[in-house]
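Now for the letters of each chain:
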Amino acid sequence: QYLRENKVPFLGICLGMQATVIEYCRNVLGIKKAHSAEFVDDLVKDEEDAVIFMPEGDRTRLGGTMRLGARETELLEGSIARRMYGTEKVMERHRHRYEVNPALVSRLESAGLQFVGRNTDESGQRMEVCELSESTHPYFVASQYHPEFTSRPELPNPLFLGLLETCKKTISSKATVAN
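Residues numbered from 1 in each chain as written. Predicted model: local features only at pLDDT ≥ 70, side-chain atom pairs only at ≥ 80, totals over all residues. Heavy atoms only, no water.

Some points on the packing of aromatic side chains
Rules: Pairs were defined over the aromatic rings of Phe, Tyr and Trp, the Trp ring being its six-membered one, requiring ring centres within 6.5 Å. Orientation was assigned from the angle between planes: stacked under 30 degrees, edge-to-face over 60, tilted for the rest. Runs of H or I in DSSP of at least four residues are treated as helices and runs of E of at least two as strands, each being numbered from the N terminus. In this scheme, a residue with accessible area under 20% of its type's maximum is buried, one over 50% is exposed, and one in between is partly exposed, where area comes from a 1.4 Å probe on protein chains only.
In total, this model carries two aromatic pairs according to the counting rule given. Between Phe53 and Tyr98, the ring centres sit 5.2 Å apart and the planes meet at 70°, which makes this aromatic pair edge-to-face. Of the two residues, Phe53 is situated in strand S3 (residues 49-53) and Tyr98 in strand S6 (residues 98-100); the sequence distance between them amounts to 45 residues. Its relative accessible area of 11% is what places Phe53 among the buried residues.

Description of the nonpolar core
Generally speaking, a soluble globular protein has its nonpolar side chains buried in company with each other. The cut-off we apply is this: Nonpolar cores are built from buried Ala, Val, Leu, Ile, Met, Phe, Trp, Tyr and Cys residues. Side-chain atoms within 4.5 Å join them into one set. A contact between two residues is defined here by any heavy atoms of the two lying within 4.5 Å.
Residues Met17, Val21, Cys25, Val100, Leu108, Leu113 and Phe115 are the most contacted members of the largest nonpolar core, which totals 24 residues. The element that contributes the greatest number of residues to this core is helix H2 (residues 15-27), accounting for five residues. If sequence neighbours within four positions are ignored, Cys25 has contacts with Gly30, Ile31, Ala34, Ala50, Leu104 and Leu108. Counting residues in hydrophobic clusters, the runner-up holds 14 residues, among them Leu11, Val90, Val116 and Leu163.

Some details on the side chain of Glu48
Operational definition: Positive charge is attributed to Lys and Arg, negative charge to Asp and Glu, and no charge count is given to His or to the chain ends. Any carboxyl oxygen of Asp or Glu that lies within 4 Å of a side-chain nitrogen of Lys or Arg is treated as forming a salt bridge with it.
Of note, Glu48 is situated in the loop between strand S2 (35-36) and S3. We note that Glu48 is buried and unpaired, the nearest opposite charge coming from Lys33 at a distance of 5.1 Å. When residues no more than four places from it in sequence are discounted, the contact partners of Glu48 are Ile31, Lys33, Ala34, His35, Asp42 and Leu43.

Some words on the environment of Phe10
Summarising the element assignment, Phe10 is placed in strand S1 (residues 10-13). Exposure remark for Phe10: the relative accessible area of 15% places this residue in the buried category. Along the sequence, Phe10 and Val141 sit 131 residues apart, while their C-alpha atoms lie 6.3 Å from each other. Residues in contact with Phe10, not counting those within four places in the same chain, are Leu3, Gly16, Thr20, Tyr139, Phe140, Val141, Ala142 and Leu163.

Spelled out as structure tokens, the structure:
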């Protein structure tokens, strides 16, 4: 909430994207008890359960039930993520059992949190990247996947590069104002 409201550059990763969605549900949509089904059991279905257990998962047998490995994500034209990657589709690695509840996506998008990256499998229901418009925030991006898995010291993942570039611009503009 602090980062969003104070326009501090932000990159959420995996649980960070889930926390972003929960915060937005609570403080923008007004769903005060919004939470993750990973941490709270008695949530009102499709209202308070902002983050849900993957539908194909098995809660009784957790071994081998994560969404693992490289998966394709389609990025929305005009999004920060698409500009940073410079391409329509990306392959990024996953490691999770919980994801954004698709039942809340239209309400979140109507309130300004845009889901600009979605899976390309048959469902199209998995939200992979969300962001706020640059007209609202200089860099507020979150991904369900793990961009650190494809980063290297000399070749950072584009989402990290975008965060660092925005931080540099923010620091430079504050220094200019101070002088």
